[in-house]
Amino acid sequence: MWRLLFEFSYKLTLLGDSIPVFADETKENHPHALPEVKTELLMAIEAWFMDNSNEDQRLPHHGDPKEPVSPEHLAELGVLYWHLNPNDYENDEELRRIRKERGYNYMDLLDLCPEKVVNYEEKLRNFYTEHIHADEEIRYCLEGSGYFDVRAKDEHWIRIWIKAGDMIVLPAGIYHRFTLDTSNYVKLMRLFVGEPVWTAYNRPQEDHPARKEYVKSFTEKVGVALEAH
Ligand SMILES: CSCCC(=O)C(=O)O
Ligand SMILES: [Fe+2]
Ligand code: NI
C-alpha cells in the first residue's frame, strides 16, 4: 500500500516542472493543482527545529512540542529540495533535467560506512563541525538516511531528515553540518558544477565572500538576526 502511494507521488512529481516541489507552489501556481491528501504525499522531506540537548547526535532531537519546518521555510533559507526515484538514478529524466538546468556536470557516489571510507570517524567528526562552502552542497540520498542541520534565524538549528529519493541543495555560505541517524548508513550522490571542491570552512567565517553573499541574499526574508552569525 505505502509502496503504491510512494510510486504514485513519484509519478505526480514527474508531471511537475523540474523545480523543487513545494506544497503551496503545487496547490496555487499550477494548473494541475492537487487535492490536499496528494499534496501531502509530495512533501516527502521532514524537517524540524532541534532541541538543545547534548544527547547522541544520531537521535532526532525533536523539540517538545515538535516544531516542523515547511519546505517554504527551507526555501527562504535557500535550501532546495526534490524527491526523485532512487532506484533508477542512471536513467532518471528528472535528475538529468535538474543536472542540465543547474549545470551539475560532476557526480560521484559516497557510501558512508567504516569499510569503504578512509578515516571514517574523523570524516564524520568533520561533517558534524559547523561549516560553510564557497559553492552549493548538492546531495542526493540513494539509500539509508541521515540529518543535514542548517542554521536558521536566531541561531536555531533546523534538522532536515534525508532518506532514499531526497535530493537537497544547500546554498554557498550557509552554516550547516551532517550526521548519520540511528540507521548508521547512507549512500549519497554528490553533485557539483565543474571540478569539485569539497573544502569546508569552519565557523566563524563572517569575512568569507560566500558567507557575505549568503547573508546579503537571505537576510531580507529571515530577518536581521542572521547578520550576527
Ligand atoms: C556526507 S555529505 C555531508 C557532509 C558535508 O557537509 C560536506 O560534505 O561538506
Ligand atoms: Fe558541507
Ligand atoms: Ni507542477
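Residues numbered from 1 in each chain as written. Chains lettered and ligands numbered in written order. Predicted model: local features only at pLDDT ≥ 70, side-chain atom pairs only at ≥ 80, totals over all residues. Heavy atoms only, no water.

Definition in use: UniProt positions are given in the numbering used here, feature names are shortened, and annotations may be inferred rather than shown by experiment.
The name an unreviewed UniProt entry assigns to the protein chain is Acireductone dioxygenase, from the organism Tripterygium wilfordii. Quoted verbatim from the Pathway (unreviewed entry) field of UniProt, the annotation for the protein chain is "Amino-acid biosynthesis; L-methionine biosynthesis via salvage pathway; L-methionine from S-methyl-5-thio-alpha-D-ribose 1-phosphate: step 5/6." According to the UniProt record, the Sequence similarities (unreviewed entry) comment for the protein chain reads "Belongs to the acireductone dioxygenase (ARD) family."

**Thoughts on the packing of aromatic side chains**
What counts here: Any Phe, Tyr or Trp ring, taking Trp's six-membered ring, that has another such ring centre within 6.5 Å forms a pair; planes under 30 degrees apart are called stacked, those over 60 apart edge-to-face, and the others tilted. Put simply, DSSP marks the helices as runs of H or I at least four residues long and the strands as runs of E at least two long, and each gets a number from the N terminus on. Relative accessibility decides the category of a residue: with a 1.4 Å probe and only protein chains considered, values under 20% of the type maximum give buried, values over 50% give exposed, and everything between is partly exposed. Working rule: Lys NZ or Arg CZ, within 6 Å of ring centre, within 35 degrees of ring normal, means a charge sits over the ring.
Inspection of the entire model under this criterion finds eight aromatic pairs. Ring centres 5.9 Å apart and planes at 80° place the aromatic pair Trp-48 and Tyr-147 in the edge-to-face group. Here Trp-48, found in strand E1 (residues 46-49), pairs with Tyr-147, found in strand E5 (residues 137-151); they are 99 residues apart in sequence, far enough to count as distant. For Tyr-147, a relative accessible area of 3% corresponds to the buried category. Taken together, the ring pairs in this structure connect Trp-48, Tyr-147 and Trp-161 into an aromatic cluster. One residue, Lys-163, lies across the ring of Trp-161, its end atom 4.1 Å from the ring centre. Just above the ring of Trp-157 sits the side chain of Arg-177; from NZ or CZ to the centre is 4.0 Å.

**Observations regarding the coordination of the iron ion (ligand 2)**
Definition in use: Each metal's donors comprise the N, O and S atoms found within 2.8 Å of it (within 3.2 Å for Na, K or Ca). Water is not part of the atom list, so some coordination spheres may appear incomplete. Geometry is assigned from donor-metal-donor angles: four donors are tetrahedral when every angle falls between 85 and 135 degrees, four are square planar and six octahedral when opposite donors sit over 155 degrees apart with all other angles between 65 and 115, and any other arrangement is irregular.
Donor atoms from the polypeptide that coordinate the iron ion (ligand 2) comprise His-131 (NE2), His-133 (NE2), Glu-137 (OE) and His-176 (NE2), at 2.0 to 2.2 Å from the metal. For the iron ion (ligand 2), the six donor atoms are set out with angles of 76 to 172° between them, so the coordination reads as octahedral. Counting the intervening residues between successive donors of the iron ion (ligand 2) yields the motif H-x1-H-x3-E-x38-H. A residue pair is termed long-range when its members are at least 10 positions apart, and His-131 in strand E4 (residues 131-132) and His-176 in strand E8 (residues 176-180) qualify at 45 residues. Residues His-131 and His-176 agree in their burial class; the two are buried.

**What about the environment of Tyr-104?**
What counts, and what does not: In what follows, a contact means two residues having at least one pair of non-hydrogen atoms within 4.5 Å. The definition of a polar contact used here is a pair of N or O atoms within 3.5 Å, where within protein one atom must be able to donate a hydrogen and the other to accept one, and adjacent residues in sequence count solely through side-chain atom pairs.
Relative to the helices and strands, Tyr-104 resides in the loop between helix H5 (93-102) and strand E3 (106-112). In this structure Tyr-104 comes out as buried when scored by relative accessible area, which is 1%. Sequence separation between Tyr-104 and Leu-124 is 20 residues, and the spatial gap between their C-alpha atoms is 25 Å. Setting aside residues up to four positions removed in sequence, Tyr-104 forms contacts with Ile-98, Arg-99, Glu-136, Ile-138, Met-167, Val-169, Leu-191, Phe-192 and Val-193. Only 2.7 Å separates the side chain of Tyr-104 from the side chain of Arg-102, close enough to count as a polar contact.

**Section: the pattern of salt bridges**
Close approach of charged atoms allows side chains with opposite charge to pair. Our working rule: By definition here, a salt bridge exists when the distance from a side-chain nitrogen of Lys or Arg to a carboxyl oxygen of Asp or Glu is within 4 Å.
Per the counting criterion, the structure on display carries 15 salt bridges. The salt bridge involving Arg-102 is made with Glu-136; its shortest N-O contact spans 2.8 Å. Of this pair, Arg-102 sits in helix H5 while Glu-136 is found in the loop between E4 and E5, placing the two residues 34 residues apart along the sequence. The class of Arg-102 is partly exposed, set by a relative accessible area of 32%. For the salt bridge of Arg-151 with Glu-130, the shortest nitrogen-to-oxygen distance reads 2.8 Å. Taken together, the residues span a long stretch of sequence, with Arg-151 in strand E5 and Glu-130 in the loop between helix H6 (120-127) and E4 at a distance of 21 residues.

**Quick word on the pairing of E8**
What counts, and what does not: Between any two strands, at least two bridges found by DSSP are needed for them to pair.
The buried fraction of E8 is high, at five of five residues. Alternating positions in E8 separate into two faces, His-176, Phe-178 and Leu-180 on one and Arg-177 and Thr-179 on the other, with burial throughout. Of the strand pairs in this sheet, E5 and E8 are connected by five bridges, and their pairing is antiparallel. By the bridge assignment, Asp-149 is partnered in E8 with Arg-177.

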